[in-house]
Amino acid sequence: MERCLIVEDRRDTLHHRLMIAFLKADLADLLFAAVKKAGFHSGLASEAPAGIAWEYPVDPAFGDLSTTLAFGLAKALRRKPREIAEQIAAIVEIPHDVVDRVEVAGAGYLNFILAKGFWRGVVRQILLAGPAWGKTDIGNGQKVLVEFVSANPTGPLVVVNARAAAVGDAIARLLEAVGFSPYREYYVNDAGNQFRNLALAMEVRCRQLLGEDCPMPEEAYPGDYVIDVAREFLERHGQETLAAPEPERRDRLGRFAVERILAWQQAALEAYGVTFDNWFSERALRGRGDPELAIEALRARGHLYEREGALWFRSTAFGDDKDRVLVKGDGESTYFLPDIAYHQDKLARGFELLIDLWGPDHHGYVARMQAAMQALGHPPDALRILIVQLVRLMRGNEQIRMSKRTGQFVTMDELVAEVGRDAARFIFLTRRCDSPLDFDLEMAKAASDENPVYYVQYAHTRLCSVLREAAKADVATPSPEDNLEPLNLPEEVGLIKQLALYPELVIGAAQALEPHRLTAYLHDLAARFHGYYNRHRIISTDTSLTGARLALVAACRVVIGNALNLLGVSAPERM
RNA sequence: GCGCCCGUAGCUCAGCCCGGAUAGAGCGUUUGCCUGCGGAGCAAAAGGCCGGCAGUUCAAAUCUGCCCGGGCGCGCCA
């Protein structure tokens with residue numbers, strides 16, 4: 001059994017999961033001390049060891065960890081970086097149980113070559129951690145509200161909503177993995193114009209069903225689905241509602257439709273594996289008088305003024321292009337006002353960080369909402385808004401045209417029914433969310449190498465298959481106690497390094513709110529494993545080698561499984 | 001006009017925050033690999049003035065400025 005002093009000195013298991021990060025910090029301390037000892041201290045840009053940046057060289061010949069520290073010192077000290085690097089390398093105290101040696105390369109790189117035992121130790125830590133590998137507590141339990149999808153309750157969810165659902169859910173999963181306490185919320189616009197238009201469409205459809213000659217107004221929703229809802233309403237409540245006075249009549253029709261449509265949306269999301277903690281009603285918000293409270297809060301801080309009969313928010317004081325109207329001349333509020341109240345409410349509920357996923361049509365609202373948060377005294381980074389760009393549906397090279405106005409669009413249900421939820425979610429997560437995405441239905445359905453989802457899932461399946469085969473052949477099951485010394489091939493060390501970086505990758509993806517980093521990582525890892533598998537046999541007559549390789553296989557399976565889980569994509573044992 | 005985003009291989013995109021050693025994938029193309037753990041896989045090849053010009057730097061796809069090309073936003077709409 002090899003030992004890794006630096007790591008094992010720390011009892012906390014969390015340190016094991018972040019062994020690379022802690023190793024980097026420890027080595028930075030040692031480098032820092034060496035710099036001081038050599039008298040180079042004045043050349044340091046940063047007074048702290050944390051200022052020393054590490055990178056992972058792509059070429060194994062350059063070691064496992066590398067730093068350009070000497071270049072920075074060279075500049076300040078007006079000396080050659082190579083000389084400086086050599087002096088540092090000569091005096092730096094390295095822990096030989098972890099670091100094999102330090103080399104100076106190129107114009108002045110300091111390359112650290114780690115002891116082989118260090119990398120093997122990672123395999124053991126992964127097997128010990130299992131599902132916890134990649135989980136950390138840097139979020140400190142902080143409550144985060146992730147608001148996403150929030151489509152109008154006026155029709156079925158469509159393809160772009162499926163993208164937002166995949167991204168929002170993956171972000172919530174990522175945050176949870178690094179120790180935040182995420183809460184998934186869906187904002188229901190069951191008030192205002194959208195609601196009125198839906199209610200109007202309902203009334204028209206009801207009357208048409210009853211044989212009245214009643215044209216559909218321009219602003220209403222012509223989609224056929226409203227007919228179904230109208231029919232259901234008539235079946236259940238008869239037609240006396242239609243005789244009721246206008247406000248009540250519309251209200252009842254509209255609420256019925258919203259309820260039905262929300263149920264569809266919820267079912268579609270659940271079939272997709274996305275569950276919300278809360279469906280937040282705008283109607284309820286307005287009913288409580290929260291918009292008025294928001295006005296008072298802004299007024300008290302001196303950010304409001306009246307002009308031309310309207311109430312304005314001085315958002316330009318916080319970097320917006322122009323001031324914004326909160327209450328129109330006719331006494332109605334703009335959409336912006338309840339939205340401010342909604343965000344106030346989120347913070348009042350104890351969420352310290354708010355994440356909003358908005359459609360590209362709300363792009364122009366980012367500045368004013370950030371302005372409102374600041375005007376209300378919240379820190380600028382308390383609200384992070386992500387724009388989820390549009391999806392172009394393709395069938396091969398042909399684009400599928402969609403138009404909500406004519407009711408011609410592909411729903412989320414149809415998409416999931418055609419390609420399956422794993423493929424849909426994974427593909428939506430292969431790009432940054434603010435970049436438009438071409439979604440090729442043929443590709444997503446292909447059970448072949450064209451399809452990145454299957455590529456990764458197949459790696460998982462293959463890993464499981466090897467472990468099954470080993471069990472059948474009565475080889476011992478992999479355990480953290482296995483002797484890992486036979487793992488010496490470059491492919492094996494490369495695989496282990498990749499596995500070792502996973503916890504840091506998760507932290508980075510969570511902090512940046514970029515789940516697409518995980519799909520890229522998964523593809524890399526799967527490719528490495530497939531290559532290794534094709535070149536080398538796992539199960540052989542050499543029992544010691546077989547045991548070590550099975551441990552590596554088990555570790556790969558853990559990481560691929562954990563990562564797929566963070567994306568909300570299944571990790572099948574057989575396909 | 002102002003603001004934001006994007007220009008990286010034939011196509012679709014990572015990498016850019018925080019500058020470093022030969023710029024990465026997938027698809028497509030070409031050529032190989034199944035009498036042993038799942039070929040939904042692997043290996044190899046071809047394919048790039050990282051939109052352009054300048055600047056900062058020992059070092060620029062990465063930072064800065066300007067230009068060109070594409071998208072979006074700039075309502076008392078939501």
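Residues numbered from 1 in each chain as written. Chains lettered and ligands numbered in written order. Predicted model: local features only at pLDDT ≥ 70, side-chain atom pairs only at ≥ 80, totals over all residues. Heavy atoms only, no water.

Caption draft 1: A look at helix α12 (residues 290-300). Among the residues of α12, those classed as buried are Asp290, Pro291, Ala294, Ile295 and Leu298. Projection of α12 onto a plane perpendicular to its axis shows the buried side chains occupying an angular sector of 150°, all on one side. The outward face of α12, more than 90 degrees from its buried face, is lined by the exposed residues Leu293 and Ala300. Looking at the buried residues of α12, the elements they touch are α11 (282-287), β8 (304-307), β9 (310-313), β10 (324-327), α13 (336-348) and α14 (366-375). Looking one or two residues past α12, Gly302 carries a phi angle of roughly 80°, positive in sign. (Buried < 20%, exposed > 50% of the residue type's maximum accessible area, 1.4 Å probe, protein only. Helix = DSSP H or I, 4+ residues; strand = E, 2+ residues; numbered from the N terminus. Arc of directions from axis to C-beta. Contact = heavy atoms within 4.5 Å.)

Caption draft 2: Summary view of the pattern of salt bridges. Evaluation of the coordinates by the stated rule reveals 42 salt bridges. Here Asp356 ties to Lys346 by a salt bridge, and the two come within 3.0 Å at their closest N and O atoms. Of this pair, Asp356 sits in strand β11 (residues 353-358) while Lys346 sits in helix α13; the two residues are 10 residues apart in sequence, bridging distant segments of the chain. Here the two residues Asp356 and Lys346 agree in accessibility, since each one is buried. Each of Glu203, Arg207, Glu212, Glu246, Arg249 and Arg250 takes part in a single network of salt bridges with overlapping partners. (Salt bridge = Lys/Arg side-chain N within 4 Å of Asp/Glu carboxyl O.)

Caption draft 3: Structural detail: the domain arrangement of chain A. When its domains are assigned, chain A resolves into domain 1 (5-114) and domain 2 (452-567). For domain 1 and domain 2, the distance between their C-alpha centroids amounts to 29 Å. Surface buried jointly by domain 1 and domain 2 totals about 530 Å² across both partners, of which 62% is contributed by carbon and sulfur atoms. Scanning the region where domain 1 abuts domain 2 turns up 2 salt bridges. Note that Glu504 and Lys24 form a salt bridge whose closest N and O atoms lie 2.8 Å from each other. Between domain 1 and domain 2 we count 3 residue pairs in polar contact (both at pLDDT 80 or more) in total. With 3 residues, the single largest contributor to the side of domain 1 that touches domain 2 is helix α3 (residues 19-37). (Domains from an automatic or database assignment. Buried area = accessible area lost by both parts, 1.4 Å probe. Polar contact = N/O pair within 3.5 Å; in protein donor to acceptor, adjacent residues only side chain to side chain.)

Caption draft 4: Region of the structure containing unusual backbone geometry. Backbone geometry at Arg78 places phi at a positive 55°, although glycine is not the residue there. Tracing the backbone shows Arg78 in the loop between α4 (69-77) and α5 (81-91). Positive phi, close to 60°, is recorded for Asn140, a residue that is not glycine. Looking at the secondary structure, you find Asn140 in the loop between α6 (116-129) and β5 (143-147).

Caption draft 5: Broad picture of the packing of α6 against helix α22 (residues 543-567). Here α6 crosses α22 at 55°, and the two axes come no closer than 9 Å. Taken together, α6 and α22 sit at an angle that is classed as oblique. For the element pair α6 and α22, the recorded crossing hand is left-handed. Of the residues in α22, those in contact with Val123, Ile126 and Leu127 of α6 are Ala551, Leu552, Ala554, Ala555, Val558 and Val559. Counted by class, the contact of α6 with α22 contains 9 nonpolar, no polar and no charged residues. (Axes fitted to C-alpha atoms, helices over the stretch in contact; angles between N-to-C directions. Parallel < 35°, antiparallel > 145°, perpendicular 65-115°, else oblique. Left-handed = near helix turned anticlockwise from the far one by under 90°. Nonpolar A, V, L, I, M, F, W, Y, C, P; charged D, E, K, R; others polar.)

Caption draft 6: Geometry of the sheet that holds strand β1 (residues 54-55). A sheet is described by the order of its strands in space; here 4 strands give the open sequence β1-β2-β4-β3, paired in antiparallel fashion. Strands at the two margins of the open sheet, each flanked by one partner only, are β1 and β3 (99-105). Looking at chain direction, β1 and strand β2 (residues 65-67) are connected through 2 bridges and run antiparallel. By the bridge assignment, Glu55 is partnered in β2 with Ser66. (Pairing = 2+ DSSP bridges.)

Caption draft 7: Here's a closer look at the layout of surface pockets. Of the pockets and cavities examined, the second largest pocket occupies roughly 640 Å³. Lining of the second largest pocket is provided by 27 residues; of these, Pro60, Asp64, Val493, Gly494 and Lys497 occupy positions nearest its centre. Each of two domains, domain 1 (5-114) and domain 2 (452-567), supplies a minimum of three residues to the lining of the second largest pocket. (1 Å grid on protein atoms, 1.4 Å probe; cavity = no way out; pocket = protein on both sides within 12 Å on 5 of 7 lines; lining within 4 Å. Points joined across faces, edges and corners; volume = space filled by probe spheres on them.)

Caption draft 8: Focus on the protein's contact with RNA strand B. Around RNA strand B, the structure places 55 residues, and the nearest of them are Tyr109, Tyr365, Tyr455, Tyr458 and Ser465. Counted by atom, the contact set of RNA strand B within 4 Å of the protein is 59% sugar and phosphate. Thr68 has a polar side-chain atom sitting 3.3 Å from a base nitrogen of RNA strand B. Within the backbone of Met575, an N or O atom sits 3.2 Å from a base oxygen of RNA strand B. For the surface near RNA strand B, the secondary-structure elements that each account for two or more residues are α4, β4 (109-114), α8 (193-209), β9, α18 (452-472) and α21 (516-535). Element by element, the count of residues in the surface near RNA strand B is highest for α18, at 9 residues. (Near = heavy atom within 4 Å.)

Caption draft 9: Region of interest: the packing of α4 against α5. The N-to-C vectors of α4 and α5 enclose an angle of 120°; their axes lie 8 Å apart at closest approach. With respect to their mutual orientation, α4 and α5 come out oblique. Where α4 crosses over α5, the two elements pack in a sense that is right-handed. Between α4, through Leu69, Ala70, Phe71, Leu73, Ala74 and Leu77, and α5, the contact on the second element is made entirely by Pro81, Ile84, Ala85 and Ile88.

Caption draft 10: Expanded view of the packing of aromatic side chains. This structure, assessed with the given rule, holds 18 aromatic pairs. Arranged with centres 4.1 Å apart and planes meeting at 10°, the rings of Tyr187 and Tyr342 form a pair that is stacked. Of the two residues, Tyr187 is situated in strand β6 (residues 181-188) and Tyr342 in helix α13; the sequence distance between them amounts to 155 residues. One exposure class covers both Tyr187 and Tyr342, and it is buried. Geometrically, the ring pair formed by Phe313 and Phe336 is tilted, given 6.3 Å between the ring centres and 45° between the ring planes. Here Phe336 lies in helix α13 and Phe313 lies in strand β9, a separation of 23 residues in the sequence. For Phe313, a relative accessible area of 0% corresponds to the buried category. Through successive ring pairs, a cluster of aromatic residues spans Phe148, Tyr186, Phe276 and Trp279. A cation over a ring is seen here: Arg307 above Trp312, with NZ or CZ 4.4 Å from the ring centre. (Phe/Tyr/Trp six-rings, centres within 6.5 Å; stacked < 30°, edge-to-face > 60°. Lys NZ or Arg CZ within 6 Å of the ring centre and 35° of its normal.)

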